[in-house]
Amino acid sequence: MATLAEPAVLAAAKDALYPDLETRDDQYAVTETQFTADSWGEWPVPDDVRERLRPFNSIRLESGEPDLLGVGPPAGEVLDGSVASAPVVAVEAKGRRESGTVDVARGIEQAHARLSEVNLGYVAAPATSVTETARSLARELNVGVVGVEGVETATVLEPPRVTGAGEFSTGVEAIRFRARTHQLTDGSFPVNHPKNYLGYPLAIAADDDTDAAYEEHVIRLAGDGRRGAVLLGLVEGRGADRLTHLGREVVRFARAECGSVESALARFDSWTGRSIRFTELAPRWAQLARSVTMGYEPTRLVVEALERLHADGVRPATLPQVAAAACEINRPLAVEVFFTEGGRDAVLERDGALRAEALDDPGVYKTGIHFQYKAQLYHVGLLTERGTDDRAAALADAWALEHPVGRR
């Protein structure tokens, strides 16, 4: 049946394994870029199937490219589920060919080959093609089986057992990073000044209610401040607010610098509405913020991209040049950091290569990368210019390191 071609099978399996992706903050999944195709053989891929498969990225493992890579506990039974709280999941889809056959055994073999690099492997196929022999093979090889009954209906027929993968590849780490952050950012960094995330640990340490202290002395958006603090590793991401080691170091710095947390918050209050660069307004605080920001993976990626561009004589660079250079360093992470979920269809070829001409379309970029996030990198002294929220202007906006290490 044409509607159970591989894209439809994969979409149904994704919905079955990750039915709550839009609301869960501990799950994330990407589909391999070959599924950006408008047709699969003679079958035109419906828009709703493509929408369910988004977002796309290209993750190359030693064993090949999984059709879908997810992070977080999948729905349904999983054996030894306590072994990994945020398991990495690879799914291989096998659809019905024009001849009517389905190569389930091949899908099982591919999923099994991924197990040295992920925690869970599944094969998804039309339920009527999953024989007892196939299920027995899957059990023997520790591969989960998802039987797809229709374009929107699928069931886990065989649960897999969690394996302890060794070190994850660069591509997998990019998806794990996004799984930790995507519900925090919603495509845009939540605050645009470093004082706004430094202030949240101080509000936690203050005697008053955290939200009240933060909104009185920092900004009137405690939720955004918290998300920024979690994103940068100052506050634990789940449950009640708890400071990390880095967050406690911010509190210690505040007491050493100002005498008390309350005095530090009063100083933060005096900075409200000041547009002067943070490195000039409060140099020691800006240096602390810079150290925190450098611990954030996208910062290291952007800085490395700009160092390479500088070495090549490109100074200043434009946003398309920075995005392209970042993709050369770590394409999966760069795709997650720079491009919107919808924009990836235009940016990525079916084989995962970049379409250079698409980088000149301002609509493919997340606003946060050239507005809030770039402004932070400017305030902590890494970049020479602040960001802009004008999409068209962002394409020509200057990106350059204040102090590049490379000489030219």
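Use the structure listed above.
A brief structural summary. (Residues numbered from 1 in each chain as written. Predicted model: local features only at pLDDT ≥ 70, side-chain atom pairs only at ≥ 80, totals over all residues. Heavy atoms only, no water.)

Some remarks on the side chain of Asn57
In plain terms, the rule: Each helix is a run of DSSP H or I of at least 4 residues and each strand a run of E of at least 2, with the numbering of both proceeding from the N terminus. Burial classes follow relative accessibility: with a 1.4 Å probe on protein chains only, a residue under 20% of its type's maximum area counts as buried, one over 50% as exposed, and anything between as partly exposed. Contacts described as polar in this section are N or O atom pairs within 3.5 Å, which, within protein, must combine one atom able to donate a hydrogen with one able to accept it, while residues neighboring in sequence count only if both atoms come from side chains. Contacts are assigned to residue pairs that have any heavy atoms within 4.5 Å of one another.
Within the secondary structure, Asn57 sits in the loop between helix H2 (47–53) and strand S4 (68–71). Exposure remark for Asn57: the relative accessible area of 2% places this residue in the buried category. Polar contacts involving the side chain of Asn57 include one to the main-chain carbonyl oxygen of Pro332, which spans 3.0 Å. At 2.9 Å, the side chain of Asn57 and the side chain of Glu336 are in polar contact. If we ignore the near neighbours within four places in the chain, the residues touching Asn57 are Val30, Thr31, Glu32, Thr33, Ile175, Pro332, Val335, Glu336, Arg344 and Leu348.

Section: the sheet that holds strand S8 (residues 153–158)
As a reminder of what qualifies: DSSP bridges decide pairing: two strands pair if at least two such bridges lie between them. Only the contacting stretch of a helix is used when fitting its axis, a line to C-alpha atoms as for every element, and angles between N-to-C directions run 0 to 180 degrees.
Strand order in the open sheet formed by six strands is S1-S4-S5-S6-S7-S8, and the pairing between neighbours is mixed. Pairing within the sheet leaves two strands with one partner each, and these edge strands are strand S1 (28–31) and S8. Taken pair by pair, the neighbouring strands of this sheet meet at an average axis angle of 25°, ignoring direction. When strand S5 (residues 88–93) meets strand S6 (residues 120–126), the two strands line up parallel, connected through five bridges. Bridging from a neighbouring strand, Glu92 pairs with Val123 of S6.

Let's talk about the packing of aromatic side chains
Operational definition: What counts as a ring pair is set by centres within 6.5 Å for rings of Phe, Tyr and Trp (its six-membered ring), and what kind of pair is set by the plane angle: stacked under 30 degrees, edge-to-face over 60, tilted for all other angles. Geometrically, a lysine NZ or arginine CZ counts as sitting over a ring once it is within 6 Å of the ring centre and also within 35 degrees of the ring normal.
If you walk through the whole model with that rule in mind, you get eleven aromatic pairs. Ring geometry for Phe253 versus Trp285: centroids 4.9 Å apart, planes at 85°, classification edge-to-face. Residue Phe253 is located in helix H9 (residues 245–258), and its partner Trp285 is located in helix H12 (residues 283–294); the two are separated by 32 residues in the primary sequence. In terms of burial, Phe253 and Trp285 fall into one category: buried. Ring geometry for Phe339 and Tyr365: centres 5.6 Å apart, planes at 45°, overall tilted. Pair noted here: Phe339 is in the loop between helix H14 (319–338) and helix H15 (344–347) and Tyr365 is in the loop between H15 and helix H16 (367–370), with a separation of 26 residues, a long-range link. Its relative accessible area of 1% is what places Tyr365 among the buried residues. Here a set of aromatic residues connected by ring pairs shows up, and it is made of Phe253, Phe268, Trp271, Phe278 and Trp285. Directly above the ring of Trp399 sits Lys374, whose terminal nitrogen or CZ lies 5.2 Å from the centroid.

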